[in-house]
Every structure is written in C-alpha cells, then in structure tokens.
Amino acid sequence: MKVLKGIGVSSGYAVGRAKIIKDAEIDINSCAYTTAQEELAKFQDAVSAYTKETRKLIESLNESAGKENADILNGHLVMVNDPFMLSQINENINSGKTAQQAVDAVCCGFYDMFAAVDDDMMKQRASDILDIRNSLMEILSGVRSESIEDMPRGTILIAKDFTPSMTSRINRDNVFAIIAEVGSVTSHSAILARAIDMPAVLSVKAATENIQDGALIAVDGSKGEIIFEPDEATAEKYEKLRESYFAEKASLSEYFGKETVTKSGVKKAVYANIGKPEDIDSVIHNGGEGVGLFRTEFLFMDRDSMPTENEQFEAYSTVAKSMAGKEVIIRTLDIGGDKAVPYLDIPKEDNPFLGYRAIRYCLDNKELFKTQLKALLRAAYFGDIKIMLPLITDTSEIKAAKSLISECEKELEARGAQFKKNVPVGVMIETPAAVLIADDLAKESAFFSIGTNDLTGYVMAVDRGNGKVLNLYSVQKKAVLRAIEMTIKSARKAGIPVGMCGEAAADAELIPLLVKWGLDEFSVTPNAVLATRKAICECE
Ligand code: PEP
Ligand code: MG
C-alpha cells in the first residue's frame, strides 16, 4: 500500500473513491472584442451574477459553518468591488481588451503580487483572488467546472486547491474528505473544512496526478496521510475509525449547553482560551461558559507599531459584548520569552525565559502598560472583564500593577471617559516562586489561574525546545502535580476562585485529580471545551 503525506488540517477519517476536480478549461481569447461599452456591460453583468451566487453560498455557509466562516466569502464580495481593481479592469477594457482578458490580466496581476510575498496572509489573499478570477471567468465564458454539489456518497475530492467557493458547495453527506496540492493549517480551505467537520489533507504534492480518478483511498485528516488502494483490513480499520470519530463527536454534542457538574453535584466551569476577538465565535459554537485566558500579545504581534488605546478597547469590548455578561479574563501583555514583538526592541538575552518578559517588561514600560490598562478599564464597562497578570513572582508586582490601575482610573475620570472601577485583578500561577508564596499572593488577588505550560518548564527546569530533556517536560511529574495541588489548596484556604488555563486543563488523565483537589474553572482551547466538560461530568 502506497502512502502519500501532506498536512493534516482537519481531523477525522475516511475511506472512499477518489474524484479529481479539474479547473474548467477556458480559452480567454475565445470571445471577440465588441465595443468598450458592451465589454463593460458584460463585466458588470458577470459581477452581478457572481454576487448573487456568492450571496447564496454565504447563506448556506452561515448554516453549515457559522457566520464567522461565512464571512470569508463576504470578504470576496468586498474584493470584487474594490475600486482600484474595478478601475484597472475598466482601463484594460477601454484599451481594447475583452471583459475576459481584462479580468484575467488584472486578477493574475494581483495574484502574482500577493503570491510573491512570503507571508501566510498574503498567500491567502492570492488564493482568494484566484477564486474570484475563476468564478468570473466561468460566468463570462459560460464554461462551468465540474459540479461539486452532485457527488456520489463516499467521494473523496482531490483538487489543486480548494477555494472557499468550492468548499462551500460540498455536500457533506456524500463527500467524506478533501485533498489538495496547496494550502496550510491557516488557509481558508482548512478553516472551512474544520468548520464543516470534513477531514482534509492539504499540500499533497502532485495529488491530482498521482491519484487516479475512481481509486480507493483511505484518509487520516489528523496525521495528513493518504493510503492508496488499502487492503481489506486497512479499509475496514478506517471505516471503523470514521464511525467511532463521529460517535465520539455525537456523544460530545450532548454536553453542549449542559452545566458542568460532577457526579456528586459540585459545580465547575469550562472556559476557553482565545488570542483574537475573532476566536469568540468558536468559543460560543463550542459551548464555552466564559473566556479564561485572552492572550492579548497576539494583538501586538504581526504589526509594525503598538495597538492604540482605542484599537485595544475595540478588541476587548468586542469580546466582552459577545460573551454577553459571561466572565472574560484578559491577561495583560505577556511578551518576551518565545513571543517576540520586534518593534518593542527587547534586547537579545542569553536566557529570555528568565529575563525581561511579561509583567517585568510592563512594569518597566509604564506608558505602554497604562495604555493597555485604560483600554481594559473602558472595555470592562461592557461586560464582566477581569484583569490577569502574567509571570508573577512577588507580591510587589501585583501592588505595582494595582497602583498603575488606580492612576489609570484617575486619568480616565479626568477625561470624562466611560469605564468601570474596581475591576478584579487576578494572577497567573506559573512560576515556582508564585506557588511558594501563593498564600501571600492570594491576599492581593481576586483569583488564581494556573499556567501549567510555563509552570511545568520552570518547576522541572526544562527548556521545552530542547529535545534531549523533553522527557522531563510533563505535567504528570510529581513536582509539577505537587505545585498544582499546593496552589489550589492556597486558593481554597484564602477563599478565592482558582482556575487553570495551561494545556493541562484539558488533560483527561489529570482532570479527576484537579476535580478532587478543588479546581473551579478549566480554560481550554475552544474545540476541547466539550470533551473537558464530559471528563469533568464523569468525575465523582
Ligand atoms: C501557561 O504558561 O500555561 C499559559 C497559559 O500561558 P502561555 O502558554 O501563553 O505562556
Ligand atoms: Mg505562560
């Protein structure tokens, strides 16, 4: 059995017959030039037809994949009406090109420009432009590519690329998986595949040439593996994996909207971790009861300057409003360590994880910190926001942060701004120092949240990036477990709530212990919310 490898971007399993989707063969020179007026009219009609078709797809995507994902196609509608692109097409037509030639020239020009930039977002733009170009060319020429809608049950679709408009046409009952030659975890095809729960493997070299139409193949969407002509036992294994995958999904869906309560009736909460306001849709979709960690550093990354107070206010208040009164814990800037923000000019250090990072950097850069704190206090007016401080090692750090918050309150008051006073301030327990003085920290904190990702590294003195010592990087090590237990005990003794926002909060093996020790809130990646709730509800 031959195996092809690609990037697994949407989990799940499938066995089925391959169907290669080829682009429609369109001769862009098949139509003769009429008059500029007529070519312009043809182009405008094509844009109207494209808009109508796309609106229909958006409607169906809204239902199958949620609004956030349907917005990908809304983006296409914005692009196709971009004034600069329209003016370029008009210019091309006025200089003697047919509507088809003009669309092809302008779209391909944009495509080349975006594709040349070594950046995922630009590559995504390139793919979006190509999608728009192909759709317009099909409408203008009347030559349609093969209809994706009418595939027989058990089809595995293979194409050079799955554009958003192709993915949104897939009939989920009949198509079992998709495979493409290009794409990555962040491409729109991957996002949509995950949204409709379709196993997908992207970046499979020459897939449309190496796989024959009608061949039996098995797909593992997590590992990114494609097995050709699997023998009977393998095909059966994949069929079973597919069934149990769906059974597991169905059993989890029971936990949507359900309270998180242990068998003995103790109420817990499952929250979700986010990095950007856009992630909120996924929190709501997965039944998150709140946000346990908003990693605000993502608002500062991938840009050339710091986000302004207003930009930050928009981001934080959007999340607070979307969560409609549910708790939203927002962590102040946690940069340094492995999170670089080039424009902040943090000097290179020998030991960045032990250096100038997180709260240490913020307390030393007061204006930057106060800009964020003011945005948080203003946003808190619109929901149940709590502020969380990262990498705390000493009580003085909380006191210093609180004193800056008081200064911010005064400045906002003087400005006549709308904001909330006395926003609760909690801390992350992610250093051995914090564990050891948890009783003191509790006196200054509204809550604790255990950051096991860092805590494990610091307790075990292990650099996660060093393969030679990786066996020591485990939350199951006795020292790490003891640190977690000590933290929970300190919080309970002080009567403050304690949560966990490191990856270990979703660890099925650990959850019974966390429940036994009395952890109140588990904050996990949005798609682990239901499995975590199930594991908690099954605890005594
Ligand atoms: C942690 O350290 O567990 C944590 C949640 O923070 P981050 O992973 O962002 O460092
Ligand atoms: Mg951390």
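In what follows, the structure referred to is the one given above.
Enquirer: Before we go on, may I ask you to explain the pairing of strand β7 (residues 216–220) in this structure?
Expert: When you tally the buried positions in β7, you get 5 out of 5 residues, the bulk of the element. Residue alternation in β7 divides its side chains into two sets, Leu216, Ala218 and Asp220 and Ile217 and Val219, and both sets are buried. Taken together, the 5 bridges between strand β3 (residues 13–20) and β7 define a ladder with antiparallel strand orientation. Looking at the pairing, Val15 lines up with Ala218 of β7.

Enquirer: How should the coordination of the magnesium ion (ligand 2) be read in this particular structure?
Expert: Where a metal carries four tetrahedral donors, each ideal angle is 109.5 degrees; where it carries six octahedral donors, the ideal angles are 90 or 180 degrees. Donor atoms from the polypeptide that bind the magnesium ion (ligand 2) are Glu430 (OE) and Asp454 (OD), placed at 2.1 to 2.2 Å. With Glu430 in the loop between β14 (425–429) and α16 (432–436) and Asp454 in helix α18 (residues 452–460), this pair connects stretches of sequence that are 24 residues apart. Residue Asp454 is classed as buried on the basis of its relative accessible area, which comes to 10%.

Enquirer: What's the story with the environment of Asp120 in this structure? I'm lost.
Expert: With respect to the helices, strands and loops of the structure, Asp120 is situated in helix α5 (residues 120–141). In this structure Asp120 comes out as exposed when scored by relative accessible area, which is 51%. In this structure the C-alpha to C-alpha distance between Asp120 and Asn273, which are 153 residues apart in sequence, comes to 23 Å. Leave out the neighbours within four places in its chain, and Asp120 touches Ser184 and Thr186.

Enquirer: Quick question: what am I supposed to make of helix α9 (residues 232–253) here?
Expert: Helical geometry note: an α-helix holds 3.6 residues per turn, so side chains three or four residues apart project in the same direction. Counted at 1.5 Å a residue, the expected span for α9 with its 22 residues is 32 Å, and the 32 Å between its end C-alpha atoms agrees. All of the buried residues in α9 are Thr234, Ala235, Tyr238, Arg242, Tyr245, Ser251 and Leu252. Packed against the buried residues of α9 are β3, β5 (175–180), β7, β8 (225–228) and α21 (529–537).

Enquirer: Hey, could you run me through the site of ligand 1 in this one?
Expert: With respect to spatial proximity, the complete set of residues near ligand 1 consists of Leu293, Arg295, Arg331, Lys339, Met428, Glu430, Gly451, Thr452, Asn453, Asp454, Cys501 and Gly502. With respect to ligand 1, the side chain of Glu430 contributes an N or O atom lying 3.1 Å from an oxygen atom. In the environment of ligand 1, an oxygen atom lies 3.0 Å from a nitrogen or oxygen atom belonging to the backbone of Asp454. Broken down by element, the residue count for the shell around ligand 1 peaks at 3 residues, all from α18.

Enquirer: How should I be thinking about the pairing of β8 in this particular structure?
Expert: It is a general feature of regular strands that their side chains alternate between the two faces of the sheet. Of the two faces of β8, the one lined by Glu225 and Ile227 and the one lined by Ile226 and Phe228 are each fully buried. By the bridge criterion, 3 bridges tie strand β1 (residues 3–5) to β8 in an arrangement that is antiparallel. Residue pairing for β8: Leu4 is matched across the bridge by Ile226. Sheet analysis places β7 next to β8, joined by 4 bridges and oriented antiparallel. By the bridge assignment, Ala218 is partnered in β8 with Ile227. The turn joining β7 and β8, which pair antiparallel and follow one another in sequence, is formed by 4 residues; a positive phi near 75 degrees is taken by Gly224.

Definitions and limits used
- Residues numbered from 1 in each chain as written.
- Chains lettered and ligands numbered in written order.
- Predicted model: local features only at pLDDT ≥ 70, side-chain atom pairs only at ≥ 80, totals over all residues.
- Heavy atoms only, no water.
- Buried < 20%, exposed > 50% of the residue type's maximum accessible area, 1.4 Å probe, protein only.
- Helix = DSSP H or I, 4+ residues; strand = E, 2+ residues; numbered from the N terminus.
- Pairing = 2+ DSSP bridges.
- Donors = N, O, S within 2.8 Å, 3.2 Å for Na, K, Ca; no water.
- Contact = heavy atoms within 4.5 Å.
- Expected span 1.5 Å × (residues − 1).
- Near = heavy atom within 4 Å.
- Polar contact = N/O pair within 3.5 Å; in protein donor to acceptor, adjacent residues only side chain to side chain.

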